[in-house]
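Per-entry structural report
Now for the letters of each chain:
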Amino acid sequence: DAGVIQSPRHEVTEMGQEVTLRCKPISGHDYLFWYRQTMMRGLELLIYFNNNVPIDDSGMPEDRFSAKMPNASFSTLKIQPSEPRDSAVYFCASSLEIATDTQYFGPGTRLTVL
Amino acid sequence: AQTVTQSQPEMSVQEAETVTLSCTYDTSESNYYLFWYKQPPSRQMILVIRQEAYKQQNATENRFSVNFQKAAKSFSLKISDSQLGDTAMYFCAFMNAGGTSYGKLTFGQGTILTVHP
């Protein structure tokens, strides 16, 4: 199994630009999670999906952030417009069953907004 | 809300020795899961070990074991025969098995472990 795949691994953009982060979960996993990691706030859950449906987006910081999961094998996290404070590592994770299985993380995308 | 506290920002250990990383958590729930994740310099988050709160037996995975004290809300990780590849940031994490936080992982601040040759 290839594990959770994220792209790009690194993204550098300028303030005000749109940024799209991509994730392919492990095949057969029904749950997908987006996390953000910063020095100040540590690891925090942004949103998660069950069978492509958003279940809890209470961690999404503001309307500039949006996430979609058009099918079972693909999800995007979009920031529009981006700001320097969005600079962080963004992780995608997937799990088979939400509480009885472990969340497996992708390698992360390091985002730098200048 | 659940909180997870790792009181040791940094730890170091000599190769082949044993080290214990501390973690405490606060919850009013009775059914939950606890995890230790490892984040090496590559920044990949790797599961080390997990513990179900309803199980009294401490989880073990090869050189890694936990000391789960439910009444004290303590979940420490012991690494035996430390190896250079164990150098990483270690995160303790809590997951509710029910309620409004169902399925959400809450992470501690992390402990940087350095294994010296």
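The coordinates are above.
Let us look at the structure shown here. Values in this document were obtained by computation on a predicted structure and should not be read as measured data. Position labels on residues start from 1 in each chain and follow its written sequence. Here chains are named by letter from A upward and ligands by number from 1 upward, in the order in which they appear as written. With pLDDT at 70 or above as the cut-off, local features in this predicted model cover only qualifying residues; side-chain atom pairs require 80 or more to be listed or tallied, and sums for whole chains, interfaces and linings still use all residues. Only hydrogens and water are set aside when side-chain values are computed; all heavy atoms of the structure are taken into account.

1. Some remarks on the interface of chain B and chain A
- We call two residues in contact whenever any of their non-hydrogen atoms come within 4.5 Å of each other. Opposite the 19 residues of chain B that make contact, chain A presents 24 residues.
- Buried area: the sum, over both parts, of the accessible surface (1.4 Å probe) that disappears when the two are put together. Buried area between chain B and chain A, summed over both chains or domains, comes out near 1800 Å², and the portion from carbon and sulfur atoms is 53%.
- Looking only at chain B, the three residues that lose the most surface to chain A are B:Arg43, B:Tyr102 and B:Lys104, adding up to 34% of its buried area.
- When a carboxyl oxygen of Asp or Glu lies within 4 Å of a side-chain nitrogen of Lys or Arg, that pair is called a salt bridge. Across the contact surface, chain B and chain A share one salt bridge.
- Ionic pairing is found between B:Lys104 and A:Asp56, a salt bridge with its closest N-O pair at 2.6 Å.
- Each polar contact in these results corresponds to two N or O atoms within 3.5 Å; when the atoms are within protein, one needs to be able to donate a hydrogen and the other to accept it, and residues that are neighboring in sequence are counted only if both atoms are side-chain atoms. In this structure, the connection of chain B to chain A is made through 10 residue pairs in polar contact (both at pLDDT 80 or more).
- Those elements that place two or more of their residues in the side of chain B that touches chain A are strand 5 (32-39), strand 6 (46-52), strand 10 (88-96) and strand 11 (105-107) of chain B.
- The secondary structure listing takes helices from DSSP runs of H or I that are at least 4 residues long and strands from runs of E that are at least 2 residues long, numbered from the N terminus. A total of four residues in the side of chain B that touches chain A trace back to one element, the largest contributor, which is strand 5 of chain B.

2. A closer look at the pattern of salt bridges
Residue and element names in this part refer to chain A.
- Counted under the stated rule, the structure contains 13 salt bridges over all chains.
- Note that Arg41 and Glu44 form a salt bridge whose closest N and O atoms lie 2.9 Å from each other.
- Any residue under 20% of the maximum accessible area for its type is buried, any over 50% is exposed, and the rest in between are partly exposed; the area is computed with a 1.4 Å probe on protein chains only. A relative accessible area of 59% places Arg41 in the exposed class.
- According to the relative accessible area criterion, Glu44 is buried, its value standing at 15%.

3. Some thoughts on the sheet that holds strand 7 (residues 65-71) of chain A
Residues and elements named next belong to chain A.
- With respect to topology, four strands assemble into an open sheet ordered 1-3-8-7, the strand pairing being antiparallel. This sheet does not close on itself; its edge strands, each paired only once, are strand 1 (5-7) and strand 7. Strand after strand, the sheet turns through a mean of 20° between neighbouring axes, direction not considered.
- What makes two strands pair is DSSP finding at least two bridges between them. Bridge count for strand 1 against strand 3 (residues 19-24) is three bridges, and the pairing is antiparallel. Directly across from Gln6, in strand 3, lies its bridge partner Cys23. Here an angle of 0 to 180 degrees is reported between the N-to-C directions of two axes, which are lines fitted to C-alpha atoms, with helices fitted over the stretch in contact.

Scope: geometric values only; no functional claims are made or implied.
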